[in-house]
Amino acid sequence: MSAEGKWVYKQICNSSFPLHPLMPLLIESYVNSVIPKTSKPEHTNEPLSESKIMALFDIKKKTLPEPGGSSVSPGYPDIQEKLLCPQLLILYYLLLYEDLYQTHKKLIDVTKLSLYSDTVMSQIPISYLVQEALKHQNNCQNLFPPMIRLLNIHFPHLCLVEDWLDSHVGLMTKEQQLVKRKTSSSSNTIRPEMVKEGKCNSV
């Protein structure tokens, strides 16, 4: 992994809620530096390695990996909660990488740059992360809309509005649910195209 990649990976690993508003932009900038936009790019960075990506989802180790090979010492309470923000950022990285790769694949030398394997995506609990992102959307406002837009493109079966509404209502107090029922008749209906535009945080 290049020095730039190690630095970006370290920023991802060290991220926490509330998410710094520049983190999504950092990931977008890095992915754009990995995927060539011309047939003869002057310089491209290397994609994050699959092993580094999967290290963030190996909860059994109870550690938070860092690029230099070290890790946060075991013993932190709620390690899953501490990994949630880095995991959401990695999911956004993978979705954006997939999106830009497909968009510019005619310019990509597939012998040097390829998509991530199906094994990587199959081991990432995408549905769980989406539900957790709903709970924390106020703490990751700059990440939530673009991530949902990409999910709707590449994993539309995970973007069922009805399921999200049920999950969101389940997180509300009884008083909030009562108010929601009283005002639902006058509120705007959430449509699939709103999800595509990343506008589902108004539920």
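My aim in this report is to walk through the structure given alongside it, one point at a time.

Thresholds applied
- Residues numbered from 1 in each chain as written.
- Predicted model: local features only at pLDDT ≥ 70, side-chain atom pairs only at ≥ 80, totals over all residues.
- Heavy atoms only, no water.
- Axes fitted to C-alpha atoms, helices over the stretch in contact; angles between N-to-C directions.
- Helix = DSSP H or I, 4+ residues; strand = E, 2+ residues; numbered from the N terminus.
- Parallel < 35°, antiparallel > 145°, perpendicular 65-115°, else oblique.
- Left-handed = near helix turned anticlockwise from the far one by under 90°.
- Contact = heavy atoms within 4.5 Å.
- Nonpolar A, V, L, I, M, F, W, Y, C, P; charged D, E, K, R; others polar.
- Core = buried A, V, L, I, M, F, W, Y, C linked by side-chain atoms within 4.5 Å.
- Buried < 20%, exposed > 50% of the residue type's maximum accessible area, 1.4 Å probe, protein only.
- Expected span 1.5 Å × (residues − 1).
- Arc of directions from axis to C-beta.
- Salt bridge = Lys/Arg side-chain N within 4 Å of Asp/Glu carboxyl O.

## Considerations on the packing of helix 4 (residues 79–103) against helix 7 (residues 144–154)
Part 1: Direction vectors running N to C along helix 4 and helix 7 enclose 50°, while the axes themselves pass 10 Å from each other. Our classification of the angle between helix 4 and helix 7 gives oblique. Between helix 4 and helix 7 the crossing geometry is left-handed. Every residue of helix 7 that contacts helix 4 at Leu88, Leu91, Tyr92, Leu95, Leu96, Glu98 and Asp99 is listed here: Pro146, Met147, Leu150, Leu151, Ile153 and His154.
Part 2: Here the residues of the contact of helix 4 with helix 7 are counted per class, giving ten nonpolar, one polar and two charged.

## Some words on the nonpolar core
Part 1: The biggest cluster of nonpolar side chains holds 50 residues, and the ones touching the most others in it are Ile12, Ile35, Leu48, Ile53, Tyr93 and Tyr97.
Part 2: Secondary-structure elements contributing two or more residues to this core are helix 1 (3–13), helix 2 (23–34), helix 3 (50–55), helix 4, helix 6 (126–135) and helix 7.
Part 3: Considering each element in turn, this core owes the most residues, 16 residues, to helix 4.
Part 4: The contact partners of Tyr93, leaving out residues within four places of it in the chain, are Ile27, Tyr30, Val31, Pro47, Leu48, Ile53 and Tyr116.

## A word on the environment of Thr119
Part 1: With respect to the helices and strands, Thr119 occurs in helix 5 (residues 118–122).
Part 2: Residue classification places Thr119 among the partly exposed residues on the basis of a relative accessible area of 45%.
Part 3: In the structure, Thr119 is positioned 65 residues away from Met54 in sequence and 9.8 Å away in space, judged by C-alpha atoms.

## What to know about helix 2
Part 1: Its twelve residues give helix 2 an end-to-end C-alpha distance of 17 Å, which sits within 8% of 16 Å, the value for a rise of 1.5 Å per residue.
Part 2: Buried within helix 2 are the following residues: Met23, Pro24, Ile27, Tyr30, Val31 and Val34. The buried residues of helix 2 occupy an angular sector of 130° when the element is viewed end-on, so they sit on one face.
Part 3: Buried residues belonging to helix 2 abut helix 1 and helix 4.

## Details of the pattern of salt bridges
Side chains that differ in sign of charge can pair as their charged atoms come close.
Part 1: Per the stated rule, a full pass over the model turns up one salt bridge.
Part 2: Glu132 serves as the salt-bridge partner of Lys135, at 2.9 Å between the closest nitrogen and oxygen. Of the two residues, Lys135 and Glu132 are both situated in helix 6; the distance of three residues between them amounts to about one turn of the helix.
Part 3: On the accessibility criterion, Lys135 (47% relative accessible area) is partly exposed.
Part 4: Among the residues examined, Glu132 registers a relative accessible area of 8% and is labelled buried.

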